[in-house]
Number of protein chains: 2
Amino acid sequence: MNAPAHVGLLVVGGGIGGMAAALAAARAGRPVHLLERAAQFTEIGAGLQVGPNAVRVLADLGLYPRVRDVAVFPEGGVFMDALTGEHLTTLDVGPAFRDRYGAPYLVMHRSDLLEILLEACRSENRITLENGREVTHVAHLPDGAVQVDCADGSRFRAQAVIGADGLNSRVRGLVSADEPVCSGYAAYRGIMPMGDLDAHIGEASVVIWIGPGMHLVQYPIRRGELYNTVAVFRSDAYARGEADWGGPVELDERFADACPEVRRGIQHVDRSRYWKTYDRDPLSTWTSGRVTLLGDAAHPMLQYLGQGACQALEDAAALGKRFAEYGDDYDKVLADYERQRLHKASRAQTAARTWGEIWHTDGIGRLLRNYIFTSRAHDDYTHTDWLYLPEPAQPKVGV
Amino acid sequence: MNAPAHVGLLVVGGGIGGMAAALAAARAGRPVHLLERAAQFTEIGAGLQVGPNAVRVLADLGLYPRVRDVAVFPEGGVFMDALTGEHLTTLDVGPAFRDRYGAPYLVMHRSDLLEILLEACRSENRITLENGREVTHVAHLPDGAVQVDCADGSRFRAQAVIGADGLNSRVRGLVSADEPVCSGYAAYRGIMPMGDLDAHIGEASVVIWIGPGMHLVQYPIRRGELYNTVAVFRSDAYARGEADWGGPVELDERFADACPEVRRGIQHVDRSRYWKTYDRDPLSTWTSGRVTLLGDAAHPMLQYLGQGACQALEDAAALGKRFAEYGDDYDKVLADYERQRLHKASRAQTAARTWGEIWHTDGIGRLLRNYIFTSRAHDDYTHTDWLYLPEPAQPKVGV
């Protein structure tokens, strides 16, 4: 075992949340050490929705010009009934939306955002990035510092640790003994050149086809050069308790009753790979001593709000602001960060579950859902304000 | 076997629909013979909701002054969440409602209405009422007349027959071989003196507490002297296929999670007697030769719209108008009556099922239902117009 490397702030995990947190902390003057277990910084997955709450964060980090160049700015989020093909409602994300929330709604390739964050971290001399460091153990030291051990035998002594290590976070074990919660839904993804697209699909919008136990999401990414498709469905095999579930036979069965547009859309996903989707229950705290959690490690959520990465970016921004305010007073930084973020991120976890149930409901629920959707005005932002409006300044308590 | 009695119009069944039909036909100049199988004209059941569509019929028959004297005029239909006790919405049936529909909404004792109809029939010398005549067989005769046999050996030869013999209609067998459809819900009823009422219950409204698989309806009747309670619930024993279902043990189980107000309300039903509720699927025709159906015999419906008796009264009014127009041309009368009534009554059957599902939904359906209910304006009549507005004059086709 080597002697530990002494570092100030140590971030575990080099995904979108960890990178953004490192960047925000560094911009606030903190030296940051970031450990990523993979040999390279890469992002699996495909399309990424970035709501105005997260676009504001990217702008504050100075990244908006680069993001803008590779993003697509949809006109709306269009909800369609996946069984009948009926248009249900559109969330207008045009000028009125941008004015209200101070930023646009955009969609992009996840790897494009990761690339932009990585380049920004590399050009920030307060940040040290290390690959191939799989954190295996995190422990409080008697003086309040934190010891972090990696699988390769490397050891760090950090003044504070941010666990940004995702759904299956190792760091979270210091805070909670909970386990991921399986949704019983499987997700299939696909990306294709825009030129291969059926002419009739709305090219300028995020189109969401919702139906009983399934949905299909389609939108353009990367300057409109690529078209992203995600198909998600509830597995009957999972409900029966079978270990092998979510395969392409079930995919086809679940979408058999869908309208022709959706059945065509399903052809565009990669049938060789799929994801079983998980989240976790909200926690009452993310912090233990000088260790806190961020992004999916803190509040993994189902994808229905398109807010997983966005909430991680909000976390990073909040952390950066606390560092700017409190400098190296890590206890204050961590406590105030958690106080600012816990409520909204927990609400996003809960709301994402409910939103998914609303998408996937059948019978009388579907009837009521469609009534609500078809009745609402396209520029009714009542239900998006909590998510997209800037939060009022937090009262400062006990610091 | 006696020689058949020759009659013109024969009505089978002396409930609200049959009486009203006899009265409407007689007022239009037709001699009417009405057969009731019971030894007396009586009405079981308790409270009766009379929407403005039916109040208009009673007014046209000259019965409104007598009805008004025994009715109660609620201010609204108040919907409450049976689990939380939360107020969900009110359908304002005050002046704006009365103006819109040309009549008030009222509630009364069922036996009060039957008594009023019976007295009117008795004072109408074109109507012959006979008790103790249980119709056992109805058959078309070669000349187009209809032969009706009773259990007591009496036989009638009628120019036309109106089957107003309720859910288990014997006459309906000439038109359709269908069977009643069991809802799997049981209903308990109770009437108590208004003086025994808990002070806090809204005395001036129809109060409907809705919850998962159950509901409770409360309103005053008989000039406000009595208070009517109906408790309805879905039986798990029925769902399991058990023959013995709907008993008071299940009643208590289903309402165990209800709010205190509902649990108190349940105390007011008679636990010694309950009804298993049934309806039937809509038919494509009610008529076979010179036999047609009316009221529950034609379109039995679940009680959730409070429209069973109201639709029967609409039937009676339509029949009376056709007799006024076509005299004794029974073929025209029956065809045109059915053409005017079939669509709306069928819609009421279907809508009542859906409305019940909306009341009884759980989970995400309940969330969406409560959102819709709490969002609507009390004087939003969008969803009641089809039921309560006078129908436009029907186009005459092929007569």
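An account of the accompanying structure is given in this report.

Each value, and the rule that gives it
- Each chain has its residues counted from 1, running along the sequence as written.
- Here the convention is simple: chains get letters from A, ligands get numbers from 1, in the order in which they are written.
- Owing to the predicted nature of the model, reporting of local features is limited to residues with pLDDT of at least 70; listing and counting of side-chain atom pairs is limited to 80 or more, with chain, interface and lining totals taken over all residues.
- Excluding hydrogens and water, the side-chain values take into account all heavy atoms of the structure.
- Whether two residues are in contact is decided by their heavy atoms, any of which lying within 4.5 Å being enough.
- The quantity reported as buried area is the accessible area (1.4 Å probe) lost by two parts once they are put together, taken as the sum for both.
- By convention in these notes, a salt bridge is any Lys or Arg side-chain nitrogen within 4 Å of a carboxyl oxygen on Asp or Glu.
- Polar contact is the term for a pair of N or O atoms within 3.5 Å; when the atoms are in protein, one must be able to donate a hydrogen and the other to accept it, and sequence-neighboring residues count only if both atoms are side-chain atoms.
- By definition, any uninterrupted DSSP run of H or I lasting at least four residues is a helix, any uninterrupted run of E lasting at least two residues is a strand, and each is numbered from the N terminus.
- Each Phe, Tyr or Trp ring, with Trp reduced to its six-membered ring, pairs with another whose centre is within 6.5 Å; inter-plane angles below 30 degrees give stacked pairs, above 60 give edge-to-face pairs, and intermediate values give tilted ones.
- The rule is simple: take the accessible area with a 1.4 Å probe, protein chains only, and divide by the maximum for that residue type; under 20% is buried, over 50% is exposed, in between is partly exposed.
- Here the copies are superposed with least squares, the fitted atoms being C-alpha atoms of residues at a pLDDT of at least 70 in both.
- Here the expected span of a helix is defined as 1.5 Å times the quantity of residues minus one.
- Throughout, bend refers to the angle between the axes fitted to the seven residues that end at a position and the seven residues that start at it.
- To define a nonpolar core, start from buried Ala, Val, Leu, Ile, Met, Phe, Trp, Tyr and Cys residues and group those joined through side-chain atoms within 4.5 Å.
- Strand pairing requires that DSSP identify at least two bridges connecting the strands.
- To obtain each axis, a line is fitted to C-alpha atoms, and for helices this fit is confined to the stretch in contact; angles are then taken between N-to-C directions over 0 to 180 degrees.
- Reported orientations rely on four angle classes, namely roughly parallel under 35 degrees, roughly antiparallel over 145, roughly perpendicular from 65 to 115, and oblique for the rest.
- Crossing chirality is assigned from the near helix's rotation relative to the far helix, an anticlockwise turn below a right angle marking it left-handed and a clockwise turn marking it right-handed.
- Polar here means any residue other than Ala, Val, Leu, Ile, Met, Phe, Trp, Tyr, Cys and Pro, which are nonpolar, and Asp, Glu, Lys and Arg, which are charged; Gly is therefore polar.

Structural notes on the interface of chain A and chain B
(1) Moving on: Counting residues at the interface gives 12 residues for chain A and 12 residues for chain B.
(2) Moving on: For the pair chain A and chain B, the summed buried surface comes to about 1100 Å²; carbon and sulfur atoms form 83% of the total.
(3) Moving on: For chain A, the biggest contributors to the area lost against chain B are Ile364, Leu368 and Ile372 of chain A; these three give 48% of the whole.
(4) Moving on: Along the contact surface separating chain A from chain B lie 0 salt bridges.
(5) Moving on: For the interface between chain A and chain B, the tally reads 2 residue pairs in polar contact (both at pLDDT 80 or more).
(6) Moving on: Those elements giving two or more residues to the side of chain A that touches chain B turn out to be helix 10 (330-360) and helix 11 (363-375) of chain A.
(7) Moving on: Considering every element that reaches the side of chain A that touches chain B, the biggest residue donor is helix 11 of chain A, with 7 residues.

Topic: the packing of aromatic side chains
(1) Moving on: The final tally for this structure, using the stated rule, is 36 aromatic pairs over all chains.
(2) Moving on: Plain terms: the ring middles of Trp355 of chain A and Phe373 of chain A are 5.8 Å apart, the flat faces sit at 40° to each other, and that makes the pair tilted. Placement of the pair is Trp355 of chain A in helix 10 and Phe373 of chain A in helix 11, with a sequence separation of 18 residues.
(3) Moving on: For the ring pair Tyr101 of chain B and Tyr388 of chain B, a centre distance of 5.4 Å and an interplane angle of 70° mean the geometry is edge-to-face. In this pair, Tyr101 of chain B is assigned in helix 4 (residues 95-101) and Tyr388 of chain B in helix 12 (residues 385-388), connecting sequence segments 287 residues apart. Take Tyr101 of chain B and Tyr388 of chain B: they sit in the same class, and that class is buried.
(4) Moving on: The rings of Phe79, Tyr304, Trp355, Trp359 and Phe373 of chain A are connected pair by pair, giving a single aromatic cluster.

Focus on the relation of the copies chain A and chain B
(1) Moving on: Superposing chain A onto chain B requires a rotation of 180° together with a translation of 0.0 Å along the rotation axis, leaving an RMSD of 0.0 Å. The superposition operator between the copies reduces to a two-fold rotation axis. Identified as the residue of chain A closest to the rotation axis by C-alpha distance is Gly365 of chain A, at 2.0 Å.
(2) Moving on: Both copies share a contact surface, since 100% of the interface residues of chain A are interface residues in chain B too.

Details of helix 10 of chain A
(1) Moving on: Helix length check: helix 10 of chain A (31 residues) gives 43 Å between terminal C-alpha atoms against 45 Å at 1.5 Å per residue, within 8%.
(2) Moving on: If you look at helix 10 of chain A, its biggest bend is around 40°, right at Arg341 of chain A.

Let's talk about the nonpolar core
(1) Moving on: Of all hydrophobic cores here, the largest spans 75 residues; its most connected members are Leu10, Met108, Val148 and Val161 of chain B.
(2) Moving on: Not counting chain neighbours up to four residues away, the residues in contact with Val161 of chain B comprise Leu10, Val12, Val146, Val148, Val171, Arg290, Val291 and Thr292 of chain B.
(3) Moving on: Listed in part, the 74 residues of the second largest apolar core include Leu9, Leu34, Leu61 and Ala309 of chain A.

A look at the pairing of strand 5 (residues 87-92) of chain B
Residues and elements named next belong to chain B.
(1) Moving on: Where strand 4 (residues 76-81) lies against strand 5, 5 bridges are found, and the strand directions are antiparallel. Within strand 5, the position partnered with Met80 by the bridge is His87.
(2) Moving on: Connecting strand 4 to the next strand, strand 5, in antiparallel fashion are 5 residues, including Gly85 with a positive phi near 80°.

Quick look at the sheet that holds strand 13 (residues 214-221) of chain A
All names here are of chain A.
(1) Moving on: Spatial strand order, 5-4-12-13-14-11-15: 7 strands in an open sheet with mixed pairing. Bordering the open sheet on either side are strand 5 (87-92) and strand 15 (275-279), each of which pairs with just one other strand. Direction aside, the axes of adjacent strands within the sheet are offset by 20° on average.
(2) Moving on: The pairing of strand 4 (residues 76-81) with strand 12 (residues 206-211) spans 5 bridges and is classified as parallel. Counted as the bridge partner of Phe79 is Ile208 from strand 12.
(3) Moving on: Of the strands in this sheet, strand 4, strand 11 (181-193), strand 12, strand 13, strand 14 (226-234) and strand 15 are in contact with helix 10, which crosses strand 12 at around 70°.

Side note on the packing of helix 1 (residues 16-27) of chain B against helix 5 (residues 110-122) of chain B
All names here are of chain B.
(1) Moving on: Interhelical geometry of helix 1 versus helix 5 gives an angle of 30° and a closest axis separation of 10 Å. When the axes of helix 1 and helix 5 are compared, the pair comes out roughly parallel. Crossing geometry of helix 1 relative to helix 5 is assigned as left-handed. Between helix 1 and helix 5, the residues in contact are Ile16, Met19, Ala20, Leu23 and Arg27 and Arg110, Leu113, Leu114, Leu117, Leu118, Ala120 and Cys121, respectively.
(2) Moving on: Its residues placed into classes, the contact of helix 1 with helix 5 shows 10 nonpolar, no polar and 2 charged.

Quick notes on the environment of Tyr330 of chain B
Residue and element names in this part refer to chain B.
(1) Moving on: With respect to the helices and strands, the residue Tyr330 is situated in helix 10 (residues 330-360).
(2) Moving on: Using a relative accessible area of 6% as the deciding quantity, one classes Tyr330 as buried.
(3) Moving on: For Tyr330, the contacting residues outside a window of four places in its chain are Gly8, Leu9, Arg30, Gln159, Ala160, Arg290 and Phe323.

Here we look at the pattern of salt bridges
(1) Moving on: As enumerated under the stated definition, the model contains 50 salt bridges over all chains in all.
(2) Moving on: Notably, a salt bridge pairs Glu130 of chain B with Arg133 of chain B, separated by 2.6 Å at the nearest N-O pair.

Considering the environment of Tyr64 of chain B
Residue and element names in this part refer to chain B.
(1) Moving on: Note on placement: Tyr64 falls in helix 3 (residues 64-70).
(2) Moving on: The spacing of Tyr64 and Arg126 is 62 residues in sequence and 21 Å in space, taken between C-alpha atoms.
(3) Moving on: Once residues lying within four places of it in the same chain are set aside, the contact partners of Tyr64 are Val55, Leu58, Ala59, Phe73, Pro104 and Leu106.

So, the sheet that holds strand 13 (residues 214-221) of chain B
Residues and elements named next belong to chain B.
(1) Moving on: Taken together, the 7 strands give an open sheet; going across it, the order is 5-4-12-13-14-11-15, and neighbouring strands pair in mixed fashion. Only two strands of the sheet have a single partner each, and these edge strands are strand 5 and strand 15 (274-279). Between one strand axis and the next, the sheet turns through 20° on average, direction left out of account.
(2) Moving on: Here helix 10 sits on the sheet and contacts strand 4, strand 11 (181-193), strand 12 (206-211), strand 13, strand 14 (226-234) and strand 15; the angle it forms with strand 12, its principal contact strand, is near 70°.

Quick notes on the environment of Pro31 of chain A
All names here are of chain A.
(1) Moving on: Here Pro31 is to be found in the loop between helix 1 (16-27) and strand 2 (32-35).
(2) Moving on: Accessibility expressed as a relative area gives 46% for Pro31, which makes it partly exposed.
(3) Moving on: Separated by 97 residues in the primary sequence, Pro31 and Thr128 have C-alpha atoms spaced 8.1 Å apart.
(4) Moving on: Ignoring sequence-local partners within four residues, the contact set of Pro31 consists of Leu9 and Arg126.

Topic: unusual backbone geometry
Residue and element names in this part refer to chain A.
(1) Moving on: Although it is not a glycine, Arg222 sits at a positive phi angle of roughly 45°.
(2) Moving on: For Arg223, which is not glycine, the phi dihedral falls at a positive 55°.
(3) Moving on: Relative to the helices and strands, Arg223 resides in the loop between strand 13 and strand 14.
(4) Moving on: We classify Arg223 as partly exposed; its relative accessible area is 45%.

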